[in-house]
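# Chains, contacts and geometry: an overview
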Amino acid sequence: MKNKISLSLLSVIVIILIGGGLRSPITAVSPVLSEIIALLHLDNLQGSLLTSIPLIVFASCSVLVSKVAVKANIHYSIIYSLIFLIMGLYFRVYGNVPMLYIGSFLIGLGICIGNVTTPAYIKNRFPEKIGIMTGVFSAAMNLMAAFASGFSIAIGKWTNLGWKGSLGIWIIWTLLALFAVGAEAFSGKRASVKKPAAQTTKSEFNIFRSKQAWNISVFMGIQSLVYYCLVALLPIVLVDYGMQKEETGLVLLVAQLSMLPVMFLSPVIATKMKDQKWMIFGVGILMFSGISLLALFKTQYVYLAAVLVGIASGWAFSLSILFFSLKSKTMAGTIKVSGKAQSVGYLIAAFGPPVFGMLHDWDTSWKSSFYFLMLMIVIMVFFGRNAAKPRFVEEH
């Protein structure tokens, strides 16, 4: 019993450490992007690739990763994820432009594997506590993402390494995650975490023919589109509105911290509901209201807008992750829908920042850019409502 409790505690630590490393390497970039552009003599398009490359990798590789992961020991899949992530974090701060992009690609691949496999890991290790552990995972992911965006510049100054210190410090976090996963995988308890391949006979279905999987995928994609548009470009918008550059990081920090309570609580509540439609409507109302404040009142209610959008984004993201487990019958099904949703979803998300920016070229007030997000939110609610219905991807 004591060994079982220790292993469960170690599994919780694994989930926290993995979650904490799946967004922070990306959110840490935005505050120091201008420094990177200046020191490496990049143009704005080249600089934007540091955020776009991981999203493109998520979109192009998630389905392939799910096909491999469904046949592999899930511990090994997570270990590969962390190894790629460590390599990418190192190469990205190596000091020249080619390595910057190679590192960004490897970071995207490492996060992609972790994104796809961690929901299945949770379903396997904690089948009776999926809601709670999804909440822990989502909260850890967002807390460290908030820390990364809010303190990225300060970390660079503290380490005396500038942007290299801001981005390179996440190697330490990822090494801790790798140690924890390795300790669990080789503790002599591997039999407690089975290969998902054992369940594939129950999940022989084409995920791309599942209407429910498409609903989850589009919902996942649009909520990610809104999130990445704001993470990548809101600081630029706020500076355009007259805000000091240093304060824009605080706005992002407030938005990220606002996500935390709802990211933890919403999966717990959602697992007790047969149909999560009212949660979807709540997400839509809050997100639409926050974007409207930014569009119409600029910085006048910026912190209120940050809180509203933060709560809505955290709520939407945690529901997306939960749907992978909640709307599938087996771990193999969870991996399949996770792979598809993140492939389709991040493909949708990757178009967000460029469209948001191009609309600003047409309408310099940024209103058209925000109206684009408001339209996307309406579409998100439509697909989210369908995703919330009590249907499994294997059957619909």
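Every value quoted in this text rests on a predicted model; they were computed, and no experiment measured them.

### Topic: the overall build of the protein chain
When helices and strands are counted, the protein chain shows 16 helices and zero strands. Computed over the C-alpha atoms, the radius of gyration of the protein chain is 20 Å, within 12% of the 21 Å expected from 2.2 N^0.38 for a compact globule of 396 residues. Dimensions of the protein chain, computed from the C-alpha atoms along their principal axes, are close to 55 × 45 × 35 Å. Out of the 396 residues in the protein chain, the part that is buried amounts to 62%. Contacts in the protein chain between residues far apart in sequence, at least 24 positions, make up 85% of those at least 6 positions apart. Total accessible area computed for the protein chain in this model is approximately 16100 Å², and 69% of it derives from carbon and sulfur atoms.

### As for the packing of helix H7 (residues 130-159) against helix H13 (residues 302-326)
One way to put it is that H7 packs onto H13 with a least axis distance of 10 Å and a crossing angle of 140°. By the criterion of interaxial angle, the relationship of H7 to H13 is oblique. Our pair here, H7 against H13, has a crossing hand that is right-handed. On the side of H7, the interface is formed by Ile130, Gly131, Thr134, Phe137, Ser138 and Met141, while H13 contributes Phe317, Ser318, Ile321, Leu322 and Ser325. Looking at the contact of H7 with H13, its residues break down into six nonpolar, five polar and no charged.

### Some words on the confidence of the model for the protein chain
Here the protein chain averages 87 in pLDDT, and 94% of its residues register 70 or above. Every residue in residues 190-202 scores below 50 in pLDDT, and together they form 29 contacts with partners more than four places removed in sequence or on other chains.

### Observations concerning the packing of helix H6 (residues 97-125) against helix H14 (residues 331-350)
In contact at an axis separation of 8 Å, H6 and H14 are set at 150° when each is read in the N-to-C sense. Classified by the interaxial angle, the pair formed by H6 and H14 is roughly antiparallel. Crossing of H6 over H14 shows right-handed handedness. Seen from H6, the contacting residues are Asn115, Val116, Pro119, Ala120, Lys123 and Asn124; seen from H14, they are Met331, Thr334, Ile335, Ser338, Gly339, Gln342 and Tyr346. Considered class by class, the residues forming the contact of H6 with H14 number six nonpolar, six polar and one charged.

### Looking at unusual backbone geometry
Look at histidine 41: it is not a glycine, yet its phi comes out positive at around 60°. Among the secondary structure elements, histidine 41 is positioned in the loop between helix H3 (29-40) and helix H4 (44-69). One non-glycine residue, tryptophan 366, lies in positive phi territory at about 75°. With a relative accessible area of 4%, tryptophan 366 lands in the buried category.

### Some thoughts on empty space enclosed by the protein
Enumeration over the complete set of coordinates arrives at two cavities of 30 Å³ or more. In this structure, the largest cavity occupies an estimated 120 Å³ of space. Elements represented by at least two residues in the lining of the largest cavity include exactly helix H10 (211-240), helix H11 (245-270) and H13. Tallying contributions element by element places H13 first for the lining of the largest cavity, with six residues. Residues of the lining of the largest cavity, tallied by class, amount to 13 nonpolar, three polar and no charged. In this structure, the second largest cavity encloses a volume near 40 Å³. When the residues that make up the lining of the second largest cavity are grouped by side-chain class, the tally is six nonpolar, one polar and one charged. In terms of domain composition, the lining of the second largest cavity takes at least three residues from each of domain 1 (1-188) and domain 2 (206-386).

Definitions and limits used
- Residues numbered from 1 in each chain as written.
- Predicted model: local features only at pLDDT ≥ 70, side-chain atom pairs only at ≥ 80, totals over all residues.
- Heavy atoms only, no water.
- Helix = DSSP H or I, 4+ residues; strand = E, 2+ residues; numbered from the N terminus.
- Rg over C-alpha atoms; globule rule 2.2 N^0.38 Å.
- Buried < 20%, exposed > 50% of the residue type's maximum accessible area, 1.4 Å probe, protein only.
- Contact = heavy atoms within 4.5 Å.
- Areas by Shrake-Rupley, 256 points an atom, 1.4 Å probe, with all protein chains shown as cover.
- Axes fitted to C-alpha atoms, helices over the stretch in contact; angles between N-to-C directions.
- Parallel < 35°, antiparallel > 145°, perpendicular 65-115°, else oblique.
- Left-handed = near helix turned anticlockwise from the far one by under 90°.
- Nonpolar A, V, L, I, M, F, W, Y, C, P; charged D, E, K, R; others polar.
- pLDDT = per-residue confidence, 0-100.
- 1 Å grid on protein atoms, 1.4 Å probe; cavity = no way out; pocket = protein on both sides within 12 Å on 5 of 7 lines; lining within 4 Å.
- Points joined across faces, edges and corners; volume = space filled by probe spheres on them.
- Domains from an automatic or database assignment.

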